[in-house]
Amino acid sequence: MKKSSYISKNVIRRLPRYLRKLDELAASGVERISSGELGSQMGLTPSQIRQDFSCFGEFGQQGYGYNVAALREQIAHILGMDRSYSVILIGAGRIGQSLIENFSFSHYGFRLLGAFEIRKELVGTEIAGVTIADAETQRDFIRDNQVDIAILSTNKDHAQSVAEELIDCGIRSIWNFTDADLDPGDSGCIIENIHFSDSLLALSYYLTEKE
């Protein structure tokens with residue numbers, strides 16, 4: 001499989017969409033699908049789909065289309081779902097608790113190793129089988145365990161300082177739910193800033209334009 005030297009962010013953002021659609025197709029008993037059929041169901045053109053996949057190699061066969069199970073496996077590999085990346089959560093407030101209870105980490109190939117919280121009244125409590133540990137122990141935990149990703153759902157005002165501490169501990173990537181845009185400096189740490197308001201405001205824009 002020959003990978004393109006440059007892959008746009010738009011292509012990368014579409015890969016999870018392909019994955020979800022392929023999961024739906026597999027659950028419905030669909031074994032193969034053409035780029036035209038896939039595009040029709042996803043609101044994309046067949047040429048767009050072929051261009052996206054060509055960034056990573058040739059997946060389909062002319063006249064046959066795509067094998068749903070095989071394509072799903074290839075996209076999962078591209079997304080690193082077979083690498084079993086380890087995850088910890090920092091901040092077990094409402095957002096953190098909701099992620100623990102509702103996000104299927106294992107389905108996407110991630111291992112949630114632990115969760116940490118500064119508020120003493122939450123330390124020691126259990127959420128969906130995960131015992132909340134004291135934030136004071138997180139540095140030692142990271143040192144003693146290989147942790148690939150930290151999920152940050154702390155108070156916005158402390159987000160940058162907590163992120164810097166995590167980076168100093170060797171964390172290579174942060175999934176940031178604090179509503180603050182974090183600056184990794186020159187650390188090389190990969191940060192995905194999640195702002196819940198973004199999609200709602202985009203929806204508001206389209207609604208406004210339509211009216």
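Rules used throughout
- Residues numbered from 1 in each chain as written.
- Predicted model: local features only at pLDDT ≥ 70, side-chain atom pairs only at ≥ 80, totals over all residues.
- Heavy atoms only, no water.
- Helix = DSSP H or I, 4+ residues; strand = E, 2+ residues; numbered from the N terminus.
- Buried < 20%, exposed > 50% of the residue type's maximum accessible area, 1.4 Å probe, protein only.
- Contact = heavy atoms within 4.5 Å.
- Areas by Shrake-Rupley, 256 points an atom, 1.4 Å probe, with all protein chains shown as cover.
- Lys, Arg positive; Asp, Glu negative; His and termini not counted.
- Charge placed at Lys NZ, Arg CZ, Asp CG, Glu CD.
- 1 Å grid on protein atoms, 1.4 Å probe; cavity = no way out; pocket = protein on both sides within 12 Å on 5 of 7 lines; lining within 4 Å.
- Points joined across faces, edges and corners; volume = space filled by probe spheres on them.
- Nonpolar A, V, L, I, M, F, W, Y, C, P; charged D, E, K, R; others polar.
- Pairing = 2+ DSSP bridges.
- Right-handed = clockwise from strand over helix to strand, strands pointing away.
- Salt bridge = Lys/Arg side-chain N within 4 Å of Asp/Glu carboxyl O.
- Expected span 1.5 Å × (residues − 1).

Enquirer: I'd like a description of the overall build of the protein, backed by residues and values.
Expert: Within the protein one finds eight helices and nine strands. With the C-alpha coordinates aligned to their principal axes, the bounding extent of the protein is approximately 60 × 45 × 35 Å. Counting the 211 residues in the protein, one finds 37% classified as buried. Taking as baseline every contact in the protein between residues at least 6 positions apart, the subset at least 24 positions apart corresponds to 57%. Accessible surface for the protein amounts to roughly 12,900 Å². Of this, 49% is attributable to carbon and sulfur atoms. Averaging the coordinates of the 21 positive side-chain charges in the protein and doing the same for the 29 negative ones gives two points 7 Å apart.

Enquirer: An account of the layout of surface pockets is needed here, citing residue identities and associated values.
Expert: Counted as a void, the largest pocket has a volume near 2,000 Å³. Those elements that provide at least two residues to the lining of the largest pocket are helix H1 (9–27), helix H4 (68–78), strand E7 (149–152), strand E8 (173–176) and strand E9 (190–193). Empty space within the second largest pocket amounts to approximately 330 Å³. Every residue lining the second largest pocket is counted, 17 residues in all, and those nearest its centre are Glu117, Ile118, Thr154, Asn155 and Val162. Tallied by class, the residues present in the lining of the second largest pocket amount to six nonpolar, seven polar and four charged.

Enquirer: Can you tell me about the pairing of E7, naming the residues and giving the values?
Expert: The alternating pattern of E7 places Ile149 and Ile151 on one face and Ala150 and Leu152 on the opposite face, and all of these are buried. Bridge analysis of strand E3 (residues 86–90) against E7 gives four bridges, and the strand direction is parallel. Within the sheet, the bridge partner assigned to Ile90 lies in E7 and is Leu152. As paired strands, E7 and E8 are joined by four bridges and run parallel to one another. Residue pairing for E8: Ile151 is matched across the bridge by Trp175. Handedness of the crossover joining E7 and E8 through helix H7 (residues 159–168) is recorded here as right-handed.

Enquirer: How would you summarise the pattern of salt bridges if you had to cite specific residues and measurements?
Expert: Summed over all chains, the structure comprises 11 salt bridges. Ionic pairing is found between Arg119 and Glu117, a salt bridge with its closest N-O pair at 2.9 Å. The class for Glu117 is buried, based on a relative accessible area of 4%. Among the charged side chains, a network of salt bridges with common partners joins Lys120, Asp134 and Glu136.

Enquirer: I'd like to hear about H1, residue by residue, with values.
Expert: The end-to-end C-alpha separation of H1 is 28 Å, in line with the 27 Å expected for 19 residues at 1.5 Å each. The set of residues buried in H1 consists of Val11, Arg14, Leu15, Tyr18, Leu19, Lys21, Leu22 and Leu25. Each element contacted by the buried residues of H1 is listed here: strand E1 (32–33), helix H2 (35–42), helix H3 (46–54) and H4. One or two residues past the end of H1 sits Gly29, with phi positive at roughly 85°.

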